Amino acid sequence: MSPERTAILGAIAGFTIYLGLPVGRIGGLSDRLRGFLSVLAAGILLFIFWDVLDAAHGLLAGGLEIAKGGGGWSVFALRGSLAVIGLTAGALGLGWIEHEMLRRRPRAPMAGGSTAAAVVGGPATPDLARDARRASLALGLMIATAIGLHNFSEGLAIGVSARAGEIGLATTLIVGFALHNATEGFGIVGPLSGVRPSWRWLFVAGLIGGGPTFLGTLVGYRVSSPALEICFYTLAAGAILYVVGQLWGSAQRKLSPQLILGALVAGYLIGLASDLVITYAGG
């Protein structure tokens, strides 16, 4: 498969994330339903968390096999160090980004409630309502960032397969990732509380979340690096872990434990179903 065709198909796989993003502009949803959608998105993110850690574990196991075969421990030590650094940087780094985005602003509910709930015991002032809106949109961009890190690693898989001449596998991976990315678009806008994002915000969020698939495809076509892969797998895992923690804390204040668990299971199954095409192809 030529580099140009690979790039075009990688772009298609990445930017299908825009299929799910317009859901964020649907109005008239109750706070309870928005809370449920928020946890549903967390379930999708949990599947992605498992998916990237499973891939990272495979690379670490490969390092152990090299050591066991007499190749020395340097490969495993490098991959293990990168995994620890990536996981830590993904979680703590996203927390730092949130702090910088919301610095000098009153802390507002992150998800699962309307902007009118920014003040307990009284009506929301315009400033507090604006801060609550910013907080929700900031969370959405953090989710997009976590998904983007994950999608870069997906793009690497597409590029490597295309370069190796495995056209059938590469094409099936593109179809599978396209379906998967469509659900990820919903994962970005599901936790936006009562905020209706602008089309411009949706465009930026899609670029952050879906663009890395295209970039990863370009890199994967030219470079095959397990160290690079494990960096992005663990960065994505750490970032997702932070975001799910944010969503979980908010959901506990809005929904019953049974509804939270049900939404998490449903979201996980949605992510799993969208990934089955990739698994069937051997990706």
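Conventions we followed
Residues numbered from 1 in each chain as written. Predicted model: local features only at pLDDT ≥ 70, side-chain atom pairs only at ≥ 80, totals over all residues. Heavy atoms only, no water. Helix = DSSP H or I, 4+ residues; strand = E, 2+ residues; numbered from the N terminus. Buried < 20%, exposed > 50% of the residue type's maximum accessible area, 1.4 Å probe, protein only. Contact = heavy atoms within 4.5 Å. Areas by Shrake-Rupley, 256 points an atom, 1.4 Å probe, with all protein chains shown as cover. pLDDT = per-residue confidence, 0-100. 1 Å grid on protein atoms, 1.4 Å probe; cavity = no way out; pocket = protein on both sides within 12 Å on 5 of 7 lines; lining within 4 Å. Points joined across faces, edges and corners; volume = space filled by probe spheres on them. Nonpolar A, V, L, I, M, F, W, Y, C, P; charged D, E, K, R; others polar. Axes fitted to C-alpha atoms, helices over the stretch in contact; angles between N-to-C directions. Parallel < 35°, antiparallel > 145°, perpendicular 65-115°, else oblique. Left-handed = near helix turned anticlockwise from the far one by under 90°. Core = buried A, V, L, I, M, F, W, Y, C linked by side-chain atoms within 4.5 Å.

Some points on the overall build of the chain
Tallying secondary structure elements over the chain gives eight helices and zero strands in all. Reading the chain from its N end, one meets helices and strands in the order α-α-α-α-α-α-α-α. When each of the 283 residues of the chain is scored for burial, the buried share is 48%. At a minimum sequence separation of 6, the contacts of the chain that also span at least 24 residues come to 86%. Approximately 12600 Å² of the chain is accessible, and the part contributed by carbon and sulfur atoms is 69%.

Quick word on the confidence of the model for the chain
Here the chain averages 77 in pLDDT, while 78% of its residues score no lower than 70. Looking across the chain, the model is least confident in helix α5 (residues 167-189), with a mean pLDDT of 65, and most confident in helix α6 (residues 199-222), with 89. Scored below 50 in pLDDT, residues 105-123 shows 50 contacts in the model against residues more than four places distant or in partner chains.

Regarding empty space enclosed by the protein
The tally for this structure, following the rule as stated, stands at one cavity of 30 Å³ or more. In this structure, the largest cavity encloses a volume near 80 Å³. Looking at the largest cavity, it is lined by 10 residues, and the ones nearest its centre are V23, G24, R34, L37 and V189. Put simply, the parts of the chain that give the lining of the largest cavity at least two residues each are α2 (31-68) and α5. Class assignment for the residues of the lining of the largest cavity results in seven nonpolar, two polar and one charged.

Overview of the environment of R163
Its place among the elements puts R163 in helix α4 (residues 126-163). For R163, a relative accessible area of 37% corresponds to the partly exposed category. Sequence-wise, R163 and S224 are 61 residues apart; in three dimensions their C-alpha atoms are separated by 9.8 Å. Ignoring any residue separated from it by four or fewer positions in sequence, one finds R163 in contact with G220, Y221, R222, V223 and S224.

Let's talk about the packing of helix α1 (residues 3-15) against α6
At a closest axis distance of 8 Å, the pairing of α1 and α6 adopts a crossing angle of 155 degrees. Classed by the angle they form, the pair α1 and α6 counts as roughly antiparallel. Where α1 crosses over α6, the handedness of that crossing is right-handed. Taken together, the residues of α6 that come into contact with α1 (itself represented by P3, T6, A7, G10, A11, A13, G14 and F15) are G206, L207, G210, G211, T213, F214, T217, L218, Y221 and R222. A class-by-class count of the residues in the contact of α1 with α6 yields nine nonpolar, eight polar and one charged.

Description of the nonpolar core
In globular proteins that are soluble, nonpolar side chains generally tend to be buried together. Judged by nonpolar contacts, the single largest core of 47 residues is most densely connected at L45, I188, W201 and V243. Within the residue set of this core, elements represented by two or more residues are α2, α3 (74-101), α4, α5, α6, α7 (226-254) and α8 (257-280). With residues near it in sequence (within four places) discarded, W201 still touches L137, G140, L141, I188, V189 and L192.

Re the side chain of N151
Among the structural elements, N151 can be located in helix α4. Exposure remark for N151: the relative accessible area of 0% places this residue in the buried category.

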